[in-house]
Amino acid sequence: MATTKLKINGKEHAVDVDPSTPLLWVLRDHLNLVGTKYGCGVASCGACVVHLEGEAVRSCVTKVSRAAGKEVVTIEGLSENGDHPLQQAWEQVDVPQCGYCQSGQIMSAAVLLREIPNPTDEEIDLAMTGNICRCGTYLRIRKAIHLAAEIQNEIK
Amino acid sequence: MTLVKTTLNRRSFLRAALLAGGGMVLSFSWMAGCKPSGRKALEMPEEWFELNSYIKIGENGVISLSSPNPEFGQNVKTSMPMILAEELDVDWDNVVVEQADFLPDRFKNQFTGGSQAIRSNWTPLRTAGATARQMLILAAAKQWNVPASEITTEPGMLLHRASGKKAGYGEFASVAAQIPIPEEVELKKVTDFSIIGTSKKNVDIKNIVNGNPLFTMDYKVDGMLTAMIVHPPAFGLQFKSMDDSEAKTMPGIKSIFTIDTLTGDIDQNFFDTTSFTKLAVVVGNSTWEVMQAKKALKIAWEEEPERVFRRSASWMQGSEIIKATFPPGLESTDDHLAKMAEFTKKPGQILRRDGDPEGAFKKASKIIERTYTAPFLAHNTMEPVNCFAHVTAEKAELYGPLQAPEYINATLSQRLGLPKDKIHIKLARMGGGFGLRAYGHHLIEAAVISQQVKAPVKLVYTREDEMTAGLYRPAYSATYRAALDENNQLIAFHVKGGGIPEMPVAPHRFPAGAIDNYLAEGWSITSNITTGIFRAPRSNFMACAEQSFLDELAAEMGKDPIDFRLELLERAKTAPVGENNDYQADRYAGVLRLARDKSNWNETKQGIHRGVSAYFCHNSYVAEVVDLVMKNGTPKVEKVVAAIDCGIVVNKDAAVNMAEGAIVDGIGNALFGEMPFKDGAPQKNNFPSYRMIRANEAPKEIDVHFVGSETDPTGMGEPPFAPVFAAVANALYKATGTRFYNQPFINGLTTG
Amino acid sequence: MKSKTGQKEIRHSYKLTAALSVLAILMTLMVTISARSESAAFGSKDKEVFADQRKRDSVKSVEAFSKVYSVLISPRCVNCHPAGDVPLQGDDSHLHAMLPQRGKEGKGMLTMKCANCHQSENTRGPHTPPGNPNWHLPPADMKMVFEGKSASELAKQLMDPAQNGHKDMKALIAHADDALVLWGWEPGDGRTLPPLSHKEFKEAWITWLKNGAYAPEK
């Protein structure tokens, strides 16, 4: 088996897997990073979103070979102390119900906020429509993103 | 204050505590994650003292509360402890919450579903909290040598005003734990509540936003293998033979075999519905490797003959065992629709008759008849079906997403040949339930697989496996008829409803009781497509049909839709027709008035099309007004106003979250949800084909108003779901000039 | 599609190209005719012949275009040449689920940049993202819409450098072998192929172009 060198949340890993294994399963089964979730396996639901060189990729269809040598950030590494503005906002707004989709939601929202620090509702919809929430917390997600933008502005 | 008798048995708690202590090693810490958010980390005590099944107090005063019911996003894991904490009288900041295992000796009815958790646990939880408080008071009284009646509490503190003595609960926890359980305790006055009725954050919020292990999918133990199944591609097919020559040589694969899950001689209970009893199984080291091997299996299927089995007549424990069958054949939606249309025309089983409906219809000047249909729906829980099991010759340990542990326990015992007390079920947080997880087939499958490979096993279904594995919301059809006299007055009402495979009509619900001549009939058609409870069973269809019809009827009679309903409710209140009218007209009218008021119902805004609907199910009353706009020919719900009467609201903000979620869910299912069949095969197997509501389709605003009362709390999970379908249909009518009779509504819209 | 060769692009107007083509044809004809007859002279009969030839070429061109058109409006092509700013998806050309947006450069925006999911090759399995190293839509300032265009409209658009990504004849001909265009014939699981093989398409494309790139009537 080939060894793939990965850099996840700032830490180096070498994994012995078939290089066509999706990054999702490498994270979950081999690196014990289970925050990134499996929802559909076909890039349709967004539960598996991670950052690959800062972009929101769907790890269920991303071969681990694509991530070789590149920076990967998962929900576990979004912040040092769980205090990313989005994580703070998510708490303040008390967004989740079952919670299963939420890592993916937050990771997608993080890219949005980086590129549009003060998004409108429309821009939020444009960015977040790729993440399904079966419990229907979309209104709270929108609210939390607005709040995170404020928190982010205050930090700067 | 209320005095209640306690019926808690201390001995069995201690026994059970010892059992629980010897359970599985968790690969992640429950305690660490369950601290209340936003506060500094609580220091865990050296020792816990157990006062009863629900409540442990550390010597340092930290409180550990056990939440008994399984959690799937309805947030009972926060609201149930809130009730305990209220009566115990502690500071919420000082509380950590544990999910209780399935422990039938300790907890009754650890069932999540039917919006019953809070309602049925309201008094038991309050009693448990009050009892523990009383034991602390008795302990202090003993120590301080003062009458217990002179001791009061403030959150976490015992006080004896007269002498000025005071102490934290932690100081007396060890003594309190020895005190015999008092026979009677006082409960707080509702008006004295300081926790219940406020908003507390989800106890798992930090775990969720940090991506900590939380779900069965995240659960691991050393030596655990991953298993996947292959089930027949169609209902009415069964396993014939398999060629695993390619699959078994693939990397990481340990073994491939078939299992029989429920053989004919097991008495099944209501939640044992199993779509396919013989499955191919692949077991290996990792999920991806097993997924690949699964694809390489070459399986031949054959038609399944009629399946005969024994099961409980109803969901009630102890109901009689009857013979049940699944008919053979490969069914298609076209045939289903044709059959339902046939049954709609035939007389059904009479469920209720008031007055002389036949006579009234004969005399009618005008008869309005409309037929409504809705398709099978898949639950589509975000976390796919999965389960952990470790079965040895002596015992079985299971950990999985499960709404109904009591039910599956009995079946597991029969199937595994192990006594019930050797089967330990830990209740995982579920990535969605919606009724699907009340069925325990995944526990049986995981357990049987583990037994076979003699190792701990995590069974995982792919999304495709789950979406095509059955237990769907049934397909339904209902025909409504109304008779109007020459003055356009309503003189008779007739509902005939049926479904595949269950009859959905609740004959004693509104508008029964409000109309002199009333007839309710029902029918059902058997099928081998398995179905199960789905958020607000039967109501999730009947509410749409009924409330759409009432809207059309109101229009026909030249009445405002809310006024029309209120008139009928007034009749039901002042001069009710018949018996067993299964609603309180006052409360029903109350939510309609509140919704009318809060939505400024009579206000018309350019481009905004409004629809109203109200329903009573699962013990709560909800009325909803939907504001819909058309954007480039595509309908979009902009705003919903919901008025809810669920008695006391335990966790205010969480209840609002539930209502929002239920409304979004309802809009999504009404517009898009559909599982069609062709030759027994479900035609959709993943989200690209099974459309789900997404962020851009959710309303901009949902205003939730609670009637606010001191009535004991009733459910919030399902009541706000049922009415929204019709509210959308009624708004769509205003927007397009067309009535929508068949779900999903997207099929009747040319764009979107 | 804009090419980033760094080379200067030569712009021709449609009319100039057409005129040049006609001239080229005429010159070919003249050579042919003079090759046939000992001493050729342009009489009125010859003019008729030229006119006939031109008519036959335009017919041939338009015939070829109807084949081209059938491919361009098939899902594999039209899905990435949508009228709006959201690509189309599937054999029924519905709006791409989750509504990814074109963005300024046609490469998507925010959380749904095309290349996030559409990688350098097709992902295996049904309903997974297809892939190509250059996966994108036409940019916002050169949308090259195929969706909803009649054959006549599309033919004219394709020949107009202001609307076709500044392509000259050479670039147009080369486009038939563009890697992303070729993807249309290897689209991955569950996607139907265009109605013609690539070979047939390329032939029709070049026939259309080289015979005057005439636009059909409708």
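Residues numbered from 1 in each chain as written. Chains lettered and ligands numbered in written order. Predicted model: local features only at pLDDT ≥ 70, side-chain atom pairs only at ≥ 80, totals over all residues. Heavy atoms only, no water.

S.K.: Any chance you could break down the overall build of chain B for me, citing the residues and the numbers?
M.R.: Summing up its helical and strand segments, chain B has 17 helices and 32 strands in all. Scaling as 2.2 N^0.38, a compact globule of 752 residues should have a C-alpha radius of gyration of about 27 Å, and chain B matches this with 27 Å. C-alpha atoms of chain B, sized along the principal axes, occupy 80 × 75 × 50 Å. Within chain B, counting contacts between residues at least 6 apart in sequence, those at least 24 apart form 77% of the total. Accessible surface computed for chain B: about 27300 Å², of which carbon and sulfur atoms make up 49%. Taken as two groups, the 81 positive and 87 negative side-chain charges of chain B have centres that lie 1 Å from each other. (Helix = DSSP H or I, 4+ residues; strand = E, 2+ residues; numbered from the N terminus. Rg over C-alpha atoms; globule rule 2.2 N^0.38 Å. Contact = heavy atoms within 4.5 Å. Areas by Shrake-Rupley, 256 points an atom, 1.4 Å probe, with all protein chains shown as cover. Lys, Arg positive; Asp, Glu negative; His and termini not counted. Charge placed at Lys NZ, Arg CZ, Asp CG, Glu CD.)

S.K.: Quick one: what's the story with the interface of chain B and chain A, residue by residue and with numbers?
M.R.: The partner chain A presents 52 residues to the 61 residues of chain B that form the contact. Per-residue buried area on chain B facing chain A is highest for W288, M382 and R694 of chain B; these three make up 15% of the total on that side. Taken together, the links from chain B to chain A amount to seven salt bridges. When the shortest N-O distance is used, the salt bridge between D218 of chain B and K37 of chain A registers 2.7 Å. Counting residues per element, the ones that place at least two in the side of chain B that touches chain A are helix 6 (205-210), helix 7 (287-295), helix 12 (463-467), helix 16 (652-671) and strand 32 (701-706) of chain B. Per-element accounting of the side of chain B that touches chain A gives the leading share, nine residues, to helix 16 of chain B. Of the residues assigned to the side of chain B that touches chain A, the class counts are 26 nonpolar, 19 polar and 16 charged. (Buried area = accessible area lost by both parts, 1.4 Å probe. Salt bridge = Lys/Arg side-chain N within 4 Å of Asp/Glu carboxyl O. Nonpolar A, V, L, I, M, F, W, Y, C, P; charged D, E, K, R; others polar.)

S.K.: An account of the confidence of the model for chain B is needed here, citing residue identities and associated values.
M.R.: Residues at a pLDDT of 70 or more form 94% of chain B, whose mean pLDDT is 93. Predicted complex metrics record ipTM = 0.98 and pTM = 0.92. (pLDDT = per-residue confidence, 0-100.)

S.K.: A description of the side chain of D465 of chain B should follow, citing residues and the corresponding values.
M.R.: Checked against the element boundaries, D465 of chain B lands in helix 12. Ignoring sequence-local partners within four residues, the contact set of D465 of chain B consists of I229, H231, K294 and V460 of chain B.

S.K.: Go over helix 3 (residues 76-88) of chain B, please, and point to the residues and values.
M.R.: Residue and element names in this part refer to chain B. Here helix 3 is 13 residues long and its end C-alpha atoms lie 18 Å apart, about the 18 Å a rise of 1.5 Å per residue gives. Within helix 3, 13 of the 13 residues are buried, which leaves it mostly tucked inside the rest of the structure. Positioned one or two residues after helix 3, D89 has a phi angle of 70°, which is positive. (Expected span 1.5 Å × (residues − 1). Buried < 20%, exposed > 50% of the residue type's maximum accessible area, 1.4 Å probe, protein only.)

S.K.: Break down the pattern of salt bridges for me, citing the residues and quoting the values.
M.R.: Residues and elements named next belong to chain B. Here the structure, examined in full by the defined rule, presents 58 salt bridges over all chains. Residues E246 and K298 are paired through a salt bridge, measuring 3.0 Å at the closest nitrogen-oxygen approach. Here E246 is found in the loop between strand 11 (237-243) and strand 12 (253-260), whereas its partner K298 is found in strand 15 (residues 298-303), with 52 residues between them in sequence. Classification of E246 as partly exposed rests on a relative accessible area of 40%. Owing to a relative accessible area of 43%, K298 belongs among the partly exposed residues under this scheme. Linked by salt bridges that have partners in common, R370, D551, E552, R565 and R739 make up one network.

S.K.: Residues and numbers for the packing of helix 3 (residues 102-115) of chain A against helix 4 (residues 121-128) of chain A, please.
M.R.: Residues and elements named next belong to chain A. Two elements in contact, helix 3 and helix 4, have axes whose closest approach is 10 Å; the angle formed by their N-to-C orientations is 125°. The orientation of helix 3 with respect to helix 4, classified from their angle, is oblique. Considering how the two elements wind past one another, helix 3 and helix 4 form a crossing that is right-handed. Between helix 3, through Q105, S108, A109 and L112, and helix 4, the contact on the second element is made entirely by E123, I124, A127 and M128. The class makeup of the residues in the contact of helix 3 with helix 4 is five nonpolar, two polar and one charged. (Axes fitted to C-alpha atoms, helices over the stretch in contact; angles between N-to-C directions. Parallel < 35°, antiparallel > 145°, perpendicular 65-115°, else oblique. Left-handed = near helix turned anticlockwise from the far one by under 90°.)

S.K.: Now, about the packing of aromatic side chains: what can you tell me, with residues and values included?
M.R.: All names here are of chain B. With the rule as written, the count across this model stands at 41 aromatic pairs over all chains. With centroids separated by 6.1 Å and ring planes inclined at 0°, the aromatic side chains of F493 and Y518 adopt a geometry described as stacked. On the criterion of sequence distance, the pair formed by F493 in strand 25 (residues 490-500) and Y518 in strand 26 (residues 517-524) is long-range, its members being 25 residues apart. Grouping residues by exposure puts F493 and Y518 together as buried. The interplanar angle of 90° and the centroid separation of 6.0 Å between the aromatic rings of Y583 and Y588 together place this pair among those described as edge-to-face. Across the pair, Y588 and Y583 agree in class, each one buried. Put simply, the rings of Y372, Y480, F493, Y518, F549 and Y741 touch in pairs and so form one group of aromatic residues. (Phe/Tyr/Trp six-rings, centres within 6.5 Å; stacked < 30°, edge-to-face > 60°.)

S.K.: Help me get a handle on the environment of T479 of chain B, residues and values and all.
M.R.: Residues and elements named next belong to chain B. Structurally, the position occupied by T479 is in strand 24 (residues 475-484). Take T479: its relative accessible area is 6%, and that puts it in the buried class. Taking the C-alpha atoms as reference points, T479 and T604, separated by 125 residues in sequence, lie 32 Å from one another. Filtering out sequence-adjacent residues up to four positions away, T479 remains in contact with T344, E369, R370, T371, H494, V495 and K496. A polar side-chain atom of T479 sits 2.9 Å from a polar atom in the side chain of T371. (Polar contact = N/O pair within 3.5 Å; in protein donor to acceptor, adjacent residues only side chain to side chain.)

S.K.: Give a description of the domain arrangement of chain A that names residues and reports values.
M.R.: Residue and element names in this part refer to chain A. Structurally, chain A comprises domain 1 (2-77) and domain 2 (85-155). Between the C-alpha centres of domain 1 and domain 2 the distance comes to 21 Å. Both faces considered, domain 1 and domain 2 share a buried interface measuring about 1200 Å² in area, 55% of it formed by carbon and sulfur atoms. Taken together, the connections running from domain 1 to domain 2 amount to zero salt bridges. In this assembly, domain 1 and domain 2 are joined by seven residue pairs in polar contact (both at pLDDT 80 or more). Elements with a contribution of two residues or more to the side of domain 1 that touches domain 2: strand 3 (49-52) and strand 4 (55-58). (Domains from an automatic or database assignment.)

S.K.: An account of the sheet that holds strand 18 (residues 349-354) of chain B is needed here, citing residue identities and associated values.
M.R.: Residues and elements named next belong to chain B. Sheet architecture is open: five strands sit in the order 18-26-25-24-19, paired in mixed fashion. The two strands at the open ends of the sheet, each matched to only one other strand, are strand 18 and strand 19 (366-374). The sheet shows a mean angle of 10° between the axes of neighbouring strands, direction not considered. Bridge count for strand 24 against strand 25 is 10 bridges, and the pairing is antiparallel. Counterpart to A482 in the pairing with strand 25 is F493. Together, strand 19, strand 24 and strand 25 form the strand contacts of helix 13 (residues 539-556), whose direction differs from that of strand 24 by roughly 25°. (Pairing = 2+ DSSP bridges.)

S.K.: Describe the sheet that holds strand 5 (residues 95-99) of chain B, listing the residues and the values that go with them.
M.R.: Residues and elements named next belong to chain B. Ordered in space as 2-3-4-5, the four strands form an open sheet in which the pairing is mixed. In this open sheet, the two strands that pair with only one neighbour each are strand 2 (48-50) and strand 5. The sheet shows a mean angle of 25° between the axes of neighbouring strands, direction not considered. Sheet strands in contact with helix 5 (residues 169-176) are strand 2, strand 3 (55-58) and strand 4 (63-67), and its direction is about 120° off that of strand 3.

S.K.: Now, about the environment of L490 of chain B: what can you tell me, with residues and values included?
M.R.: Residues and elements named next belong to chain B. Positionally, L490 belongs in strand 25. A relative accessible area of 18% places L490 in the buried class. C-alpha of L490 to C-alpha of N517: the two residues are 27 residues apart in sequence and 9.4 Å apart in space.

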